[in-house]
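# A structural walkthrough
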There are 2 protein chains.
Amino acid sequence: MADSPIRLLKGTLDVLILRTLCWGPAHGYAISRWIRQSSGDDLQIEEGALYPALRRLEERGWVTSRWETADSGREARVYELTTTGRNAMRSEVAAWQRYVAVFARVLDARPRGSIA
Amino acid sequence: MADSPIRLLKGTLDVLILRTLCWGPAHGYAISRWIRQSSGDDLQIEEGALYPALRRLEERGWVTSRWETADSGREARVYELTTTGRNAMRSEVAAWQRYVAVFARVLDARPRGSIA
DNA sequence: GGGCATACATAACTGTCTTATGTATGACGA
DNA sequence: TCGTCATACATAAGACAGTTATGTATGCCC
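Residues numbered from 1 in each chain as written. Chains lettered and ligands numbered in written order. Predicted model: local features only at pLDDT ≥ 70, side-chain atom pairs only at ≥ 80, totals over all residues.

## Quick word on the interface of chain B and chain A
Listed per partner, the contact involves 33 residues of chain B and 33 residues of chain A. Where the side of chain B that touches chain A is concerned, the elements lending two or more residues are α1 (13-21), β1 (26-27), α2 (28-38) and α4 (83-108) of chain B. Of all the elements, α4(B) adds the most residues to the side of chain B that touches chain A, at seven residues. (Contact = placed C-beta atoms within 7 Å. Helix = DSSP H or I, 4+ residues; strand = E, 2+ residues; numbered from the N terminus.)

Put into structure tokens, the structure is as follows:
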């Protein structure tokens, strides 16, 4: 709903980027736009988080990058998932879902008697 | 499952503590044990994360603490939710659920055509 | 020409986690 | 009695990944 911009939890950006890139190569600005749009304007990726994250992913071998000139004549660094990166994407998504499930267990848990 | 211990995402511990304390006062060690048990041994809260977190919550006025001597004769610092803390717990849980929902939107999103 | 969206980059700062270490007590068995 | 384990708290050092702020530059459109 975009009433208040949501703060990214540290460690959760990479999976968003990987997931975005699984639809095809894209440059940083487009990745950021896609995440914002698909989140319904709730998530705004700051550039100070995005570009370092892309470097990280490239260092890990999960994405490759190349400079490309668009039809408009503008240059952009285009990122693409590697095979390793595609596997990483799957396992990162799974890890997130696992985290959510574990969290739900704790949040929904009910004590029998005192917890102390 | 507990095959590999899950790494806490930064910023997600507070809500677990608050949620735990909503069942009644408890000391640090008991909070840690409760989170581990209710998560099915998946979450192990490190002491280096737990005790600073409890201090933070107390500084914010979300919990109060007092030293107590158990029947065993051992001393422990017992934490208790304040009224503010109870409200904070509710809004933190809501914020987490909102985060999960937004994330799901991005992870499940499908592009029409290219995203670039 | 001016303003806006696009496009990338980095430095400084901050917060919260992990890892490692230290202290101390009570219970239990060899 | 002595060792070991579970209990119970605390803090320092370090890493990591966000935020905030700032800078550069181009293309499009009025």
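## What to know about the protein's contact with DNA strand C
What surrounds DNA strand C is a group of 28 residues, the closest being A:His27, A:Gly28, B:Leu13, B:Gly48 and B:Ala49. Among the secondary structure elements, those contributing two or more residues to the surface near DNA strand C are α2 (28-38), α3 (47-59) and β3 (75-81) of chain A together with α3 (47-59) of chain B. Broken down by element, the residue count for the surface near DNA strand C peaks at five residues, all from α3(B). Taken together, the residues of the surface near DNA strand C break down into 10 nonpolar, eight polar and 10 charged. (Near = placed C-beta within 6 Å. Nonpolar A, V, L, I, M, F, W, Y, C, P; charged D, E, K, R; others polar.)

## Observations regarding the sheet that holds strand β2 (residues 63-69) of chain A
Strand pairing in a sheet relies on backbone hydrogen bonds, with the paired strands running either antiparallel or parallel. All names here are of chain A. The three strands lie next to each other as β1-β3-β2, forming an open sheet whose pairing is antiparallel. Of all the strands in the sheet, just β1 (26-27) and β2 have a single pairing partner and so form its edges. Pairing analysis gives two bridges linking β1 to β3, with the strands arranged antiparallel. Among the inter-strand pairings, Ala-26 is bridged to a residue of β3, identified as Tyr-79. (Pairing = 2+ DSSP bridges.)

## So, the relation of the copies chain B and chain A
Rotating chain B by 180° about the axis while translating it 0.0 Å along that axis superimposes it on chain A, leaving an RMSD of 0.0 Å. The transformation relating the two chain copies, once decomposed into turn and shift, fits a two-fold axis. The rotation axis passes nearest to the C-alpha of B:Lys10 in chain B, at a distance of 2.8 Å. Residue by residue, 100% of the interface of chain B is reproduced at the interface of chain A, so both copies engage with the same surface. (Least-squares fit on C-alpha atoms with pLDDT ≥ 70 in both.)

## Description of the protein's contact with DNA strand D
Surveying the vicinity of DNA strand D reveals 28 residues, the closest of which are A:Gly48, B:His27, B:Gly28, B:Gly48 and B:Ala76. Of all the secondary structure elements, the ones that give two or more residues to the surface near DNA strand D are α1 (13-21) and α3 of chain A together with α2, α3 and β3 (75-81) of chain B. If one sorts the elements of the surface near DNA strand D by residue count, α3(A) sits on top with five residues. For the surface near DNA strand D, the per-class residue count stands at 10 nonpolar, eight polar and 10 charged.

## Some details on the packing of α1(A) against α3(A)
All names here are of chain A. Look at α1 against α3: their axes get within 10 Å of each other, and the N-to-C directions meet at 75°. When the axes of α1 and α3 are compared, the pair comes out roughly perpendicular. Residues Leu-13, Asp-14 and Ile-17 of α1 pack against Ala-49, Ala-53, Leu-54 and Leu-57 of α3. Per-class residue counts for the contact of α1 with α3 are six nonpolar, no polar and one charged. (Axes fitted to C-alpha atoms, helices over the stretch in contact; angles between N-to-C directions. Parallel < 35°, antiparallel > 145°, perpendicular 65-115°, else oblique.)

## Observations regarding the nonpolar core
The nonpolar side chains of soluble globular proteins are, as a tendency, buried together. Counting residues in hydrophobic clusters, the biggest one holds 48 residues, and the most contacted among them are A:Ile17, A:Leu18, B:Ile17 and B:Leu18. If near-sequence neighbours (up to four positions away) are discounted, B:Ile17 is found in contact with B:Ile31, B:Ala53, B:Leu54 and B:Leu57. (Core = buried A, V, L, I, M, F, W, Y, C linked by C-beta atoms within 7 Å. Buried ≥ 20, exposed ≤ 12 C-beta atoms within 10 Å, placed from the backbone.)

## Observations regarding α4(B)
Over its 26 residues, α4(B) extends 38 Å from the first C-alpha to the last, a length consistent with the 38 Å expected when each residue adds 1.5 Å. Along α4(B), the positions that sit buried rather than exposed are B:Gly85, B:Ala88, B:Met89, B:Trp96, B:Tyr99, B:Phe103 and B:Val106. If you follow the buried residues of α4(B), they end up packed against α1 and α2 of chain A together with α1, β2 (63-69) and β3 of chain B. (Expected span 1.5 Å × (residues − 1).)

## Regarding α3(A)
Helix length check: α3(A) (13 residues) gives 18 Å between terminal C-alpha atoms against 18 Å at 1.5 Å per residue, within 8%. Two residues or fewer past α3(A), A:Gly61 is found with a positive phi of approximately 80°.

## Points about unusual backbone geometry
Not every positive phi belongs to a glycine, and A:Asp41 is a case in point at roughly 70°. The topology assignment puts A:Asp41 in the loop between α2 and α3.

## So, the sheet that holds β2(B)
Pairing within the open sheet is antiparallel, and its three strands lie in the order β1-β3-β2 (chain B). Of all strands in the sheet, those with a lone pairing partner are β1 and β2 of chain B, marking the two edges.

## Some points on the pairing of β3(B)
Looking along a regular strand, one sees the side chains alternate between the two faces of the sheet. All names here are of chain B. Note that β2 and β3 share seven bridges and pair antiparallel. Following the sheet pairing, Thr-69 is matched in β3 by Glu-75. In this structure, the hairpin formed by β2 and β3 is closed by a connection of five residues, where Gly-73 is found at a positive phi of approximately 90°.

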